[in-house]
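Residue strings, one per chain:
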Amino acid sequence: MTGFLAYSLAGHDKGEIYFIIREAKEYVYVSDGLVRTVEKPKKKNKKHIQIIKTVYRKTDTVSVTNEEIKHLIKMYSRTVSQN
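Just so you know, these numbers come straight off a predicted model, no measurement behind them.

**Notes on the packing of aromatic side chains**
A full pass over the atoms with the stated rule returns one aromatic pair. Arranged with centres 6.2 Å apart and planes meeting at 70 degrees, the rings of Tyr7 and Tyr76 form a pair that is edge-to-face. Of this pair, Tyr7 sits in strand S1 (residues 5-8) while Tyr76 sits in helix H1 (residues 66-82), and the two are 69 residues apart along the sequence. Judged by relative accessible area, Tyr76 falls into the buried class, the value being 12%. The side chain of Arg22 reaches across the aromatic face of Tyr29, ending 4.2 Å from its centre.

**Some remarks on the sheet that holds S1**
Pairing is antiparallel across the open sheet formed by five strands, whose spatial order is S4-S3-S2-S1-S5. Among the strands making up the open sheet, the edge pair consists of strand S4 (42-45) and strand S5 (49-51). Sheet twist, expressed as the mean angle between neighbouring strand axes with direction ignored, is 50 degrees. With three bridges joining them, S1 and strand S2 (residues 17-23) adopt antiparallel strand pairing. The residue bridging Leu5 from the neighbouring strand is Phe19, located in S2. Sheet strands touched by H1: S1, S2 and strand S3 (27-31). Its angle to S2, the strand with the most contacts, is close to 135 degrees.

**Thoughts on the environment of Tyr27**
On the secondary structure map, Tyr27 appears in strand S3. The exposure class assigned to Tyr27 is partly exposed, which follows from its relative accessible area of 30%. C-alpha of Tyr27 to C-alpha of Lys47: the two residues are 20 residues apart in sequence and 8.5 Å apart in space. Discounting residues that sit within four places of it in the chain, Tyr27 has contacts with Lys43, Lys44, Asn45 and Lys46.

Rules behind the numbers
- All residue numbers refer to positions counted from 1 along the written sequence of the respective chain.
- The predicted origin of the model limits local features to residues at a pLDDT of at least 70 and limits the giving and counting of side-chain atom pairs to 80 or more, whereas totals for whole chains, interfaces and linings rest on all residues.
- Hydrogens are left out, water is left out, and the side-chain values use all remaining heavy atoms of the structure.
- Put simply, two rings from Phe, Tyr or Trp (the six-membered ring, in Trp's case) pair if the centres are within 6.5 Å, and we call them stacked under 30 degrees between planes, edge-to-face over 60, tilted for the rest.
- Put simply, DSSP H or I for four residues or longer makes a helix, DSSP E for two residues or longer makes a strand, and each gets a number counted from the N terminus.
- Exposure is judged per residue with a 1.4 Å probe applied to protein chains only, and the accessible area is read against the type maximum: over 50% gives exposed, under 20% gives buried, and values in between give partly exposed.
- Note on geometry: a ring has a charge over it if NZ (lysine) or CZ (arginine) is within 6 Å of the ring centre and within 35 degrees of the ring normal.
- Strand pairing is assigned whenever DSSP identifies at least 2 bridges connecting the two strands.
- Every axis corresponds to a line fitted to the C-alpha atoms, with the helix fit spanning only the stretch in contact, and the corresponding angles, defined between N-to-C directions, vary from 0 to 180 degrees.
- Residue contacts are defined here by distance: any two heavy atoms, one from each residue, within 4.5 Å place the two residues in contact.

Now the structure itself:
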């Protein structure tokens, strides 16, 4: 799951797009590059996210920056809005 974009399905952030930084037993840690940075990711239950499988490029989570995450989310949002 790490390295992919995902939608939040539950919580006050429902519908937001995040980048999955790392994975634990029942949780994932996600970042949007703005409010939730790589340094301070949000902890989400795995049941409360939906992986976006239309993004074919899996990004390396070790060297990813907040700017790269913002760019990935922006580009994905742009392609979705055009369709």
